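Next come the chains, spelled out residue by residue.
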Amino acid sequence: MTPETHTGLQSPRGVWWKPAHKAEKVWVAIAFGWCMVLFAMMPLWHLKGGQNPSGIRRKVDPEAFFQRTQEFIAQYQIGDDRGMPIVAPPAGSDVYLTAMAFQWTPILQLEKDKEYVLHLSSRDVNHGFSLYPLNINFQVVPGYDYGLRVKPTEAGDFRIICNEFCGIGHHIMVGRVIVLDGAPQAATAETAVVAGGDR
Ligand code: CUA
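Cut-offs and rules
- Residues numbered from 1 in each chain as written.
- Predicted model: local features only at pLDDT ≥ 70, side-chain atom pairs only at ≥ 80, totals over all residues.
- Heavy atoms only, no water.
- Buried < 20%, exposed > 50% of the residue type's maximum accessible area, 1.4 Å probe, protein only.
- Helix = DSSP H or I, 4+ residues; strand = E, 2+ residues; numbered from the N terminus.
- Pairing = 2+ DSSP bridges.
- Core = buried A, V, L, I, M, F, W, Y, C linked by side-chain atoms within 4.5 Å.
- Axes fitted to C-alpha atoms, helices over the stretch in contact; angles between N-to-C directions.
- Contact = heavy atoms within 4.5 Å.

Side-chain alternation along strand β3 (residues 84-87) places Met84 and Ile86 on one buried face and Pro85 and Val87 on a second face that is also buried. Sheet analysis places strand β2 (residues 77-81) next to β3, joined by four bridges and oriented antiparallel. In the strand pairing of β3, Gly79 is matched with Ile86. In this antiparallel pair of consecutive strands, β2 and β3, the connection spans two residues, and Arg82 shows a positive phi of 50°. The pairing of β3 with strand β6 (residues 107-111) spans two bridges and is classified as parallel. Looking across to β6, one finds that Val87 is bridged to Leu108.

Encoded structure:
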């Protein structure tokens, strides 16, 4: 047996059994300290982060929620974009949005700086509500009605991307939210069709 061969019965060569260098101890201390900071941030962010849903959450039958969405559509529909209804609810009202494979029903037309209660739920499986290009994300779970108090602060034509893999059509599951700046006189079927030009 040559001296270079290590069988596991011999001690490996090196100095690992000697006390660690001061610099190494300092780095271990820094790393541990940082771990503690991140650990503390978890509960802290939960309480102080301001990213928690601001509304109600209650159980709901998925099909009942979908029916409620249909009623909401019938009540406030102003047009459609290739068959998908465009709905313009009055400011301050309850707004219903159903996620299902593979669409967001309906298209919402809201007013800037007006408050709404956005009811979100799924008709089938988990979906992810992601308002593009803003950084707003929300899990949409079947059986739960999430009533979020929302106030659009920016006018524009936004997309809702599904960010939770939900099946073969996940990548085409795109919805729309139109936010108008000011009075809803633009809320005519004609304007809605123009606004629906590109998706
Ligand atoms: Cu719905 Cu992915």
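Additional details are given in the paragraphs that follow.
Below, the discussion takes up the nonpolar core. Most often, soluble globular proteins have nonpolar side chains that are buried together. Core analysis: the biggest nonpolar cluster contains 27 residues, and Leu97, Trp104, Leu120 and Phe129 have the highest contact counts within it. Here the element with the most residues in this core is strand β4 (residues 94-100); it accounts for four residues. Counting seven residues, the second largest nonpolar core, distinct from the first, contains Ile78, Met84, Ile86 and Ile107.

Bringing the sheet that holds strand β7 (residues 116-122) into the picture now. Spatially, five strands are ordered β1-β10-β7-β4-β5 in an open sheet, and the strand pairing comes out mixed. Pairing within the sheet leaves two strands with one partner each, and these edge strands are β1 (56-59) and β5 (103-105). Shown here is a sheet whose adjacent strand axes are inclined to one another by a mean of 20°, direction ignored. Of the pairings in the sheet, the one linking β1 to strand β10 (residues 144-150) comprises four bridges and is antiparallel in character. Following the sheet pairing, Arg57 is matched in β10 by Tyr146. Along the sheet, helix α2 (residues 62-76) contacts β4, β5, β7 and β10; its crossing angle with β4, the most-contacted strand, is approximately 125°.

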